[in-house]
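# Notes for the structure review
Read off the chains here:
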Amino acid sequence: ETGVTQTPRHLVMGMTNKKSLKCEQHLGHNAMYWYKQSAKKPLELMFVYSLEERVENNSVPSRFSPECPNSSHLFLHLHTLQPEDSALYLCASSQGLGLDEQYFGPGTRLTVT
Amino acid sequence: AQKVTQAQTEISVVEKEDVTLDCVYETRDTTYYLFWYKQPPSGELVFLIRRNSFDEQNEISGRYSWNFQKSTSSFNFTITASQVVDSAVYFCALSEDTWSGSARQLTFGSGTQLTVLP
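In this convention, every chain numbers its residues from 1, walking through the sequence in written order. Think of it this way: whatever chain is written first is A, whatever ligand is written first is 1, and the rest follow in order. Since the coordinates come from a predicted model, pLDDT governs what is reported: local features require at least 70, and pairs of side-chain atoms require 80 or more to be given and counted, while whole-chain, interface and lining totals use all residues. Water and hydrogen atoms play no part in the side-chain values, which are based on all heavy atoms of the structure.

## Observations concerning the pattern of salt bridges
Residue and element names in this part refer to chain B. Put simply, a salt bridge is a Lys or Arg side-chain nitrogen that is within 4 Å of an Asp or Glu carboxyl oxygen. With the rule as written, the count across this model stands at seven salt bridges over all chains. E59 serves as the salt-bridge partner of R51, at 3.7 Å between the closest nitrogen and oxygen. Burial here depends on accessible area, computed with a 1.4 Å probe over protein chains only, as a share of the maximum for the residue type. Under 20% is buried, over 50% is exposed, and the range in between is partly exposed. Residue R51 is classed as buried on the basis of its relative accessible area of 4%. What makes E59 partly exposed here is its relative accessible area of 32%. Salt-bridge contacts for D86 lead to R63; the nearest nitrogen and oxygen are separated by 2.8 Å.

## Some thoughts on the state of the cysteines
The disulfide definition used here is simple: a pair of cysteine sulfur atoms within 2.5 Å. Applying the stated criterion across every chain, the model contains two disulfides over all chains. A sulfur-sulfur distance of 1.9 Å marks the disulfide that ties B:C23 to B:C92. Residues B:C23 and B:C92 are joined through a disulfide that is left-handed, its torsion about the S-S bond being -65 degrees. One end of the pair, B:C23, is in the loop between β3 (19-21) and β4 (24-26); the other, B:C92, is in strand β10 (residues 88-96), with 69 residues separating them in the sequence. Unpaired in this structure, A:C68 has its nearest cysteine sulfur neighbour in A:C91, at a distance of 9.0 Å. Under the scheme used here, helices are H or I runs from DSSP no shorter than 4 residues and strands are E runs no shorter than 2 residues, and both carry numbers assigned from the N terminus.

## Some remarks on unusual backbone geometry
Following A:T7, the chain continues to A:P8 via a peptide bond in cis, the omega torsion being -10 degrees. If you trace the backbone, A:P8 turns up in the loop between β1 (4-7) and β2 (10-13). Even without being glycine, A:T80 reaches a positive phi, approximately 45 degrees. Phi angles above zero are rare outside glycine, and B:A81 is one such case at about 50 degrees. Mapped onto the elements, B:A81 comes out in the loop between β9 (74-79) and β10.

## Observations regarding the environment of B:Y37
Tracing the backbone through its elements, the reader meets B:Y37 in strand β5 (residues 32-39). Working rule for contacts: check all heavy atoms of both residues, and any pair within 4.5 Å makes them a contact. Sequence-distant contacts of B:Y37, defined by excluding residues within four places in its chain, comprise A:E101, A:Q102, A:F104, B:L45, B:V46, B:F47, B:L48, B:V89, B:Y90, B:F91, B:L106 and B:F108. In terms of polar contacts, B:Y37 uses its side chain to reach the backbone amide nitrogen of A:Q102, at 2.9 Å. Distance and chemistry together define a polar contact, namely a pair of N or O atoms within 3.5 Å, with one atom able to donate a hydrogen and the other to accept it when in protein, and with adjacent residues in sequence counting only for side-chain atoms on both sides.

## Quick word on the side chain of A:K36
Residues and elements named next belong to chain A. Secondary-structure assignment places K36 in strand β4 (residues 31-37). Within the buried core, K36 has no salt-bridge partner, and the shortest N-O distance to an opposite charge, that of D85, equals 4.2 Å. Among the polar contacts listed, one links the side chain of K36 to the backbone oxygen of E84, at a separation of 3.4 Å. Leave out the neighbours within four places in its chain, and K36 touches P42, L43, E44, M46, E84, D85, A87, L88 and Y89. Residues scored as positive are Lys and Arg, those scored as negative are Asp and Glu, and His as well as the terminal groups of each chain are ignored.

## Let's talk about the side chain of B:Q6
Residue and element names in this part refer to chain B. With respect to the helices and strands, Q6 occurs in the loop between β1 (3-5) and β2 (10-14). At 3.0 Å, the side chain of Q6 forms a polar contact with the backbone nitrogen of C92. Beyond its immediate stretch of four places on either side in the chain, Q6 contacts D22, W36, Y90, F91, C92, G109, S110, G111 and T112.

## Let's talk about the packing of aromatic side chains
Residues and elements named next belong to chain B. Between the rings of Phe, Tyr and Trp (Trp by its six-membered ring), a pair exists once the centres lie within 6.5 Å; its type follows the angle of the planes, with under 30 degrees stacked, over 60 edge-to-face, and the other angles tilted. Across all of its chains, the model carries 20 aromatic pairs over all chains by this definition. Centroid distance F35 to Y37: 6.3 Å. Interplanar angle 25 degrees. Geometry classified as stacked. Pair check on accessibility: F35 and Y37 agree, each one buried.

## Things to note about the sheet that holds β1(A)
Strands pair in a sheet through their backbones, by hydrogen bonds, and they do so in one of two ways: parallel or antiparallel. Residue and element names in this part refer to chain A. Strand order in this open sheet of four strands is β1-β3-β8-β7, and the pairing throughout is antiparallel. Of all strands in the sheet, those with a lone pairing partner are β1 and β7 (64-70), marking the two edges. Strand-to-strand twist in this sheet, taken as the mean axis angle between neighbours without regard to direction, amounts to 20 degrees. What makes two strands pair is DSSP finding at least two bridges between them. Of the strand pairs in this sheet, β7 and strand β8 (residues 73-79) are connected by five bridges, and their pairing is antiparallel. Within β8, the position partnered with N70 by the bridge is H73. Axis definition: a line fitted to C-alpha atoms, over the contacting stretch in the case of helices. Angles run 0 to 180 degrees between N-to-C directions.

## Section: the interface of chain B and chain A
Taken together, the 25 residues of chain B in the interface contact 22 residues of chain A. Using a 1.4 Å probe, buried area is obtained as the accessible area two parts lose upon being combined, added over both of them. Surface buried jointly by chain B and chain A totals about 1900 Å² across both partners, of which 59% is contributed by carbon and sulfur atoms. Inspection of the chain B/chain A interface yields two salt bridges. The closest approach of N and O atoms between A:D100 and B:R50, which form a salt bridge, is 3.9 Å.

Any functional reading would require information beyond the geometric quantities listed.
See below:
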């Protein structure tokens, strides 16, 4: 596979469930990102990882927990979500943390019921 | 703080028409990068172009062209002879040279939904 892949593509979960989103990049990049895209709103950066270390956490509620076990994989663990957390969650990667372009995965469409 | 404004929420054109998507940005930095991304219905954002603040030359890539004007803080995107496959949401984004926290952040505009009708 090439590029950035995300699984699952669609997820429906209840507010008491625990689930995880997975992202994998095959580009040899060193930085990975989680974004949230809600309807009618700009993309919101959630987390940034560089060489498996978290370097940015944009005031994201603790019910979202990221994990980066290596530079190719990024997870977003979800628990006790709210309906307003329903959105498209996009993963991206870039060569470095500088001004490099980011490459995005297809996203996970999350619906919280 | 950096900000990107895409005032056009939705645009519809008929195939083969030219269309320009507007992008206006705000930044205090003298060094920054501007980007355009395309988001087709499949969801993933596709990188189209990156320009740095010191290069005001317009760029053309096939049917795509970009007009960077520092004097008006604009980075507009034109598609000539539009095609149905160009239908997507297009995002303009800005990254400053200064660090916010521990990383440079990419600030996106709210996007322009382009629909090209056959």
